[in-house]
Amino acid sequence: MKRRLSILFVLLAAVLFSGCAEHQVPPISRPDGVYAVAGMTHPKYNWQLMAGYLPMEGKEVEREVLFELDQTMMQLLASHGVNGLTPPANTRQCQEIITFENKGASRITARQYWVNVGKCMKVDYLIVPQLLYWKERQGSEWGVENPAGVVMDLYIVDVKNESLLARRHFDETQRDLSSDLGNAGKFVDRGGKWITASELAREGLEKMLLELGL
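In this text, all values refer to a predicted model and were calculated from it rather than measured experimentally.

### Quick word on the pattern of salt bridges
Then, in step 1: Under the counting rule described, the total for this entry stands at six salt bridges.
Then, in step 2: Between Glu211 and Arg168 there is a salt bridge; the shortest N-O distance is 3.5 Å. Note that Glu211 is positioned in helix α6 (residues 197–211) and Arg168 in strand β6 (residues 163–173), a separation of 43 residues in sequence.
Then, in step 3: Judged by relative accessible area, which is 6%, Glu211 ranks as buried.
Then, in step 4: In this structure, Lys207 and Glu211 form a salt bridge, with 2.8 Å as the shortest nitrogen-oxygen distance. Of this pair, Lys207 and Glu211 both sit in helix α6, separated by four residues, roughly a single helical turn.
Then, in step 5: Residue Lys207 is classed as partly exposed on the basis of its relative accessible area of 26%.

### Focus: the nonpolar core
Then, in step 1: One finds Leu131, Trp134, Val150 and Met152 to be the most contacted residues of the largest nonpolar core, which totals 32 residues.
Then, in step 2: Listed by contribution, the elements that provide at least two residues to this core are β1 (35–37), α2 (63–79), β2 (125–135), β5 (149–158), β6 and α6.
Then, in step 3: In this structure, Ala38, Met50, Trp114 and Met121 belong to the second largest nonpolar core, which totals 17 residues.

### Comments concerning the environment of Arg92
Then, in step 1: Checked against the element boundaries, Arg92 lands in helix α3 (residues 88–101).
Then, in step 2: As for Arg92 and Thr41, which are separated by 51 residues in sequence, their C-alpha atoms are 9.9 Å apart.
Then, in step 3: In this view, Arg92 contacts Gly39, Met40, Leu66, Phe67 and Asp70; residues no more than four positions away in its chain are not counted.

Parameters at a glance
- Residues numbered from 1 in each chain as written.
- Predicted model: local features only at pLDDT ≥ 70, side-chain atom pairs only at ≥ 80, totals over all residues.
- Heavy atoms only, no water.
- Salt bridge = Lys/Arg side-chain N within 4 Å of Asp/Glu carboxyl O.
- Helix = DSSP H or I, 4+ residues; strand = E, 2+ residues; numbered from the N terminus.
- Buried < 20%, exposed > 50% of the residue type's maximum accessible area, 1.4 Å probe, protein only.
- Core = buried A, V, L, I, M, F, W, Y, C linked by side-chain atoms within 4.5 Å.
- Contact = heavy atoms within 4.5 Å.

Right, here's the structure in full:
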């Protein structure tokens, strides 16, 4: 009986998906030029952001998580056929140089910091990913005490004009179908499972990259 109810529930989700599909943002027209991808960073304070605000200031994220997301970014870009970008492993050296040069100096804006990183890299555009919030799943794919949650920003910085070309934002904490009918399609796509923070972040990065024409 329980199994039949579960199947009916999934079928209901599929029907809802046809009428409650998530709004798709058309990709921007990405300008030609030399691009580099910055290493994923986790700002601790709001002044380190180019836009928006942090859900929780001061909370640390393990460096392994950031490096894993660097790899995910490059895998997704390659799968989209976007090649020839300088990877985060190379860009991180310039991030460290600019950070060192600004130690002890008056605080510069986040935008100017990333513009300086782009100039150090000698590129036209810098792709800047930032992880604002990270919560691991507590439980298994079939039942959780606390679901995974991820908040990220993805920017394209115009280095020459020292401006922000585009920004995309991702904010999701997974919820069950009964409390999130508007995202029934996601429930079906995920097989009714509770996914990990890494899997959720991958979905978010994929969505943002496509919206940025990457």
